[in-house]
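Take a look at the letters that make up each chain.
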Amino acid sequence: MVEPTPPPLAELTTLRLGGPPKRLVEVDDEAGLVAEVAARDRAGEPVLVLGGGSNVVVADGGFDGTAVLVRSRGVQVADHGGGGLTVTVAPGEDWDAFVVRAIDEGWRGVECLSGIPGLCGAVPMQNVGAYGQEVADSIASVHTYDRKHQRQVTYAAGDCGFGYRTSRFKREPDRHLILGVTFQFARGDLSAPLAYAELARRLDAPIGTRLPSAEVRAAVLDLRRGKGMLLDPADHDTWSAGSFFTNPILDATAAGRLPTDAPRWPAGDDRVKTSAAWLIERSGFGKGYGTGPVRLSTKHTLALTNRGAGTTADLLALAREIRDGVAARFGIVLENEPVLVGAEL
Ligand SMILES: Cc1cc2nc3c(=O)[nH]c(=O)nc-3n(C[C@H](O)[C@H](O)[C@H](O)COP(=O)(O)OP(=O)(O)OC[C@H]3O[C@@H](n4cnc5c(N)ncnc54)[C@H](O)[C@@H]3O)c2cc1C
């Protein structure tokens, strides 16, 4: 029997770009996920593990292998007494729905990560972060299938190699299939202390204040909406993969060459993090930059957006133009945040 041609991956990505995979399978349980990925690995066929498709850029030609849609569900709560508890979530659970549940149940620590698209299995990949929180702050362990050694492995948080928008899972592409994420939460209706100046200003509270988590969530959603960082099918500014470039982390010498008015935050070991958005704007690429079907968001310089009729080739051309423009102006080569599938910058 001839299998029907799968739909283009554009239908499964927030950029709404990308051609079809050779095969597409949807798997809704852990054993099935391991079996499917292991079988493809044994056959030497490429595998694309796909959650919500909000951090991938898929080539127009599609993916020459099997796309495995992770759809396993389930949340398990273990109360350890004394106010602490762990919660293990299956990779196919929606991330923002999980945040809502955490806030409703009084599980503290992920309220600032409200409104980030995608599924729970992907959050450890790039250690998602926003508004002063990162998932690494709340993760206790990550349960995986190690495709290299064909066995299941649980990594304690300290062994996950978490860093700014990275982890051991992202550093070793095609090795770790994430089967579950265990969070360790303190209980309470108040948020973790506010750590992000823009959010604190919006809430009219000093840094370090704890406020009702639901209030913090509302403020975060508000801020995100204003930047086109909340998915909205009617708003092309949200047809993106979020921030396209990460904030560069510079050694002391490179940081010394930055203009004095460039933003800078300490990043450990004498290193300095600066703002990719600032560099992009100062290199002549303002909000809404571009005339074609892929442009910078009109609300946020860091998002490359599909205005409806774009292609991945258009997106990559704009990304190159910006990367090369920033390199020419500041000598800093920006790195892409989303994972490129069959595509190169
Ligand atoms: C509008 C918008 C706003 C965003 N804002 C933020 C933000 O504030 N902060 C932030 O950090 N990110 C942000 N992102 C990026 C993105 O939402 C996150 O990285 C998210 O965690 C990706 O989840 P996903 O399920 O969509 O992953 P996908 O895009 O499906 O996959 C991303 C990568 O993870 C791999 N992967 C997915 N699931 C698994 C699994 N179970 N096992 C192994 N590998 C897996 C994929 O193979 C791929 O390499 C934003 C994106 C958009 C579109």
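Residues numbered from 1 in each chain as written. Predicted model: local features only at pLDDT ≥ 70, side-chain atom pairs only at ≥ 80, totals over all residues. Heavy atoms only, no water.

Asker: Would you mind showing me how to read the pattern of salt bridges here?
Answerer: When charged atoms on two side chains of opposite charge get close, those side chains can pair. What the rule picks out here adds up to 21 salt bridges. The residue Arg101 makes a salt bridge to Glu105 at a minimum N-O spacing of 3.0 Å. Of this pair, Arg101 and Glu105 are both found in helix 2 (residues 95–105), 4 residues apart, which corresponds to roughly one turn of the helix. In this structure Arg101 comes out as partly exposed when scored by relative accessible area, which is 32%. A salt bridge links Asp324 to Arg323; the nearest nitrogen and oxygen atoms lie 3.2 Å apart. Exposure remark for Asp324: the relative accessible area of 43% places this residue in the partly exposed category. What emerges from the salt-bridge pattern is a single network uniting Arg23, Glu36, Arg40 and Glu45. (Salt bridge = Lys/Arg side-chain N within 4 Å of Asp/Glu carboxyl O. Helix = DSSP H or I, 4+ residues; strand = E, 2+ residues; numbered from the N terminus. Buried < 20%, exposed > 50% of the residue type's maximum accessible area, 1.4 Å probe, protein only.)

Asker: So what exactly am I meant to see when it comes to the site of the ligand here?
Answerer: Taken together, the neighbourhood of the ligand is formed by 33 residues, with Val49, Gly51, Gly52, Ser54 and Arg224 sitting nearest. A distance of 2.7 Å is found between an oxygen atom of the ligand and a backbone nitrogen or oxygen belonging to Gly51. Side-chain polar atom of Gln126 to an oxygen atom of the ligand: 2.9 Å apart, as the coordinates give it. For the shell around the ligand, the elements supplying multiple residues, two or more each, are strand 2 (47–50), strand 8 (129–130) and strand 12 (176–187). The element that contributes the greatest number of residues to the shell around the ligand is strand 12, accounting for 3 residues. In terms of residue class, the shell around the ligand is made up of 17 nonpolar, 13 polar and 3 charged. (Near = heavy atom within 4 Å. Polar contact = N/O pair within 3.5 Å; in protein donor to acceptor, adjacent residues only side chain to side chain. Nonpolar A, V, L, I, M, F, W, Y, C, P; charged D, E, K, R; others polar.)

Asker: Help me understand the sheet that holds strand 15 (residues 272–273) in this model?
Answerer: The strands that make up a sheet are held in pairs by hydrogen bonds between backbone atoms, and each pair lies either parallel or antiparallel. With antiparallel pairing, 3 strands are arranged side by side in an open sheet as 13-15-14. Two strands lie at the open edges of the sheet, namely strand 13 (249–250) and strand 14 (265–266), each paired on one side alone. Inspection of the sheet shows strand 13 paired to strand 15 by 2 bridges, in the antiparallel sense. For Ile249, the partnering residue across the bridge sits in strand 15 and is Lys273. (Pairing = 2+ DSSP bridges.)

Asker: What is the right way to read the nonpolar core from this model?
Answerer: Buried together is how nonpolar side chains tend to be arranged in soluble globular proteins. Trp95, Phe98, Phe183 and Leu199 are the most contacted members of the largest nonpolar core, which totals 39 residues. Among the elements that make up this core, the one with the highest residue count is helix 2 (5 residues). Residues contacting Phe98, with those up to four places away along its chain left out, are Val75, Val87, Val89, Trp107, Cys120, Phe183 and Phe185. Within the second largest apolar cluster, 32 residues are counted, among which are Leu17, Trp278, Phe330 and Leu334. (Core = buried A, V, L, I, M, F, W, Y, C linked by side-chain atoms within 4.5 Å. Contact = heavy atoms within 4.5 Å.)

Asker: Looking at this structure, how should I read helix 2?
Answerer: Residue pairs spaced three or four apart in an α-helix point in one direction, given the helix's 3.6 residues per turn. By the burial criterion, the buried members of helix 2 are Trp95, Asp96, Phe98, Val99, Ala102 and Ile103. Looking down the long axis of helix 2, one finds its buried residues gathered within 155 degrees of arc, a one-sided arrangement. Tucked inside the fold, the buried residues of helix 2 contact strand 5 (75–79), strand 6 (84–89), strand 7 (107–108), strand 12 and helix 5 (213–226). Where helix 2 begins, one side-chain oxygen reaches toward the backbone nitrogen of Asp96, 3.2 Å away; that side chain belongs to Asp94. Following helix 2 by one or two positions, Gly106 adopts a phi angle in the positive range, close to 80 degrees. (Arc of directions from axis to C-beta.)

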